[in-house]
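The lines below spell out each chain.
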Amino acid sequence: MIGYYVHHQGSGHLHRALCIAAHCATPVTGLSSLAAPPGWRGDWVELPRDDDGRPASMRDVTARGRLHWAPLHHAGLRRRTAAIADWIRAAGPRLFVSDVSVEVAVLARLLGTPVVTVAMRGRRDDGPHQMAYDLSEMLIAPWPRSLPEPGWPARWRDKAIHTGAFSRFDGRPRHREARGALSVRRVLLMMGSGGADLPVDAVRAARAATPGWQWTTLGGPDGRWASDPWPALCTADVVVTHAGQNAIAECAAAGRPVVAIPQERPYGEQLATARALRRADLAVVADRWPTPRDWPGLLASALALGGAGWHRWAPGDGASRAASALHEAASDQRHWAS
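Per-chain numbering applies: the sequence of each chain, read as written, is numbered from 1 onward. Where local features are concerned, this predicted model is filtered to residues with pLDDT of at least 70; where side-chain atom pairs are given and counted, the filter is 80 or more; whole-chain, interface and lining totals use all residues. Excluded from the side-chain calculations are hydrogens and water; all other atoms, namely the structure's heavy atoms, are used.

### Notes on the sheet that holds strand 4 (residues 95-99)
Link 1 in the chain: At least two DSSP bridges between two strands are required for those strands to pair. Put simply, DSSP H or I for four residues or longer makes a helix, DSSP E for two residues or longer makes a strand, and each gets a number counted from the N terminus. What the seven strands build is an open sheet, ordered 3-2-1-4-5-6-7; its pairing is parallel. Each end of this open sheet is capped by a strand with a single partner; those strands are strand 3 (44-46) and strand 7 (160-162). Direction aside, neighbouring strands of the sheet carry axes that sit 20° apart on average.
Link 2 in the chain: One ladder, built from three bridges, connects strand 6 (residues 138-141) with strand 7; its direction is parallel. Across the sheet, Ala141 pairs through a bridge with His162, a residue of strand 7. The convention used is that axes are lines fitted to C-alpha atoms, helices contributing only their stretch in contact, and that angles between N-to-C directions extend from 0 to 180 degrees.

Rendered as structure tokens:
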């Protein structure tokens with residue numbers, strides 16, 4: 001048995017867990033504040049929230065900088081921690097995956113369970129991240145080994161499994177439409193569910209500045225939500241998106257040209273991903289939301305760059321690579337005796 005903790009912020013952690021669990025030969029139990037998602041094959045433990053209530057009333061949430069989130073006297077945190085500990089005690093998992101929480105990784109290891117952490121790009125040299133990465137037996141790095149995260153110490157690189165990016169759309173046939181030679185070009189603005197640093201009037205100004213392009217918006221301040229953006233992805237001439245791991249992996253699966261606009265996130269995660277994309281010449285990267293006059297050139301540059309190089313970022317078998325590594329580690333406990 002493998003336990004898999006899924007953070008509730010955004011949708012990327014959940015999609016990643018679904019992909020890995022679907023390929024894993026060892027049974028996987030999910031633990032999360034989210035409800036069990038459709039298609040989850042194993043057991044699921046729905047956890048109490050540890051972030052409800054009034055933020056102003058929460059005291060010392062970082063334990064004086066030693067943790068990321070552990071508010072004092074929070075009843076939900078106590079129930080949540082107890083639920084995870086009770087499950088580990090009862091199930092006796094061979095392995096526990098944290099995707100991603102320093103506190104959950106530490107808890108599992110304190111209970112004598114080998115821990116695997118799903119790594120994230122960006123600055124992870126703070127005390128809590130160093131503790132979680134150091135105590136983990138393995139780090140799953142969902143990006144290619146050829147584009148490493150700068151500044152990682154050797155002790156992290158040595159235990160990292162670089163799977164390449166992967167998404168729920170890997171292996172899905174690409175949807176294509178027959179279109180006439182004079183058809184208007186299509187832009188898909190895909191901002192996701194994890195938040196968007198974007199005012200509504202900025203999108204309207206971008207549309208107005210690009211009369212030869214038809215814009216569709218999913219997510220963000222004025223876009224609709226689509227549980228399955230695949231058809232829109234595949235039929236877009238250019239995708240404009242943030243630089244979250246999951247969004248970029250989905251664009252890569254569709255093989256579409258991309259304009260990536262990293263959003264502000266803790267530890268500079270999206271900025272780090274954008275730097276890697278720029279370094280590999282896989283996407284056109286704008287450091288901030290472009291001015292209206294910049295949009296025609298950016299879209300033309302992305303169209304010229306194309307999407308043929310995405311296989312270097314997302315080889316198509318990243319989820320199965322991660323699942324195989326977890327299954328092997330859970331099956332062969334001699335690994336932990338070294």
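### A few points about the nonpolar core
Link 1 in the chain: With 32 residues, the main nonpolar core has Leu233, Val239, Leu277, Trp310 and Trp313 as its most contacted residues.
Link 2 in the chain: Listing elements by their share of this core, those giving two or more residues are strand 8 (185-192), helix 7 (230-235), helix 8 (245-254), strand 11 (258-260) and helix 9 (269-280).
Link 3 in the chain: In terms of residue count, helix 8 provides more of this core than any other element does, seven residues in total.
Link 4 in the chain: Not counting residues up to four positions away in its chain, the partners in contact with Leu233 are Phe169, Leu188, Met190, Val239, Glu250, Cys251, Ala254 and Arg256. Residues enter a nonpolar core if they are buried and are Ala, Val, Leu, Ile, Met, Phe, Trp, Tyr or Cys, with the set joined through side-chain atoms within 4.5 Å. Partly exposed describes any residue whose relative accessible area lies between the buried limit of under 20% and the exposed limit of over 50%, with all areas from a 1.4 Å probe on protein chains only and scaled to the type maximum. Should any heavy atoms of two residues lie within 4.5 Å, those residues are considered in contact.

### Some points on the side chain of Arg16
Link 1 in the chain: Residue placement: Arg16 occurs in helix 1 (residues 12-23).
Link 2 in the chain: Residue Arg16 is classed as buried on the basis of its relative accessible area of 8%.
Link 3 in the chain: The residues touching Arg16, leaving out its near neighbours within four places in the chain, are Tyr4, Asp99, Val118, Met120, Pro142, Phe166 and Gln245.

### Here we look at the packing of aromatic side chains
Link 1 in the chain: In this scheme Phe, Tyr and Trp rings, the latter by its six-membered ring, pair at centre separations within 6.5 Å, and the angle between planes marks the pair as stacked below 30 degrees, edge-to-face above 60, and tilted otherwise. Tallied over the entire structure, the rule returns nine aromatic pairs.
Link 2 in the chain: Ring plane angle 70° and centroid distance 6.1 Å describe the contact between Tyr133 and Trp152, whose orientation is recorded as edge-to-face. Placement of Tyr133 in helix 4 (residues 127-135) and of Trp152 in the loop between strand 6 and helix 5 (154-157) is noted, with a sequence separation of 19 residues between them.
Link 3 in the chain: Judged by relative accessible area, Trp152 falls into the buried class, the value being 8%.

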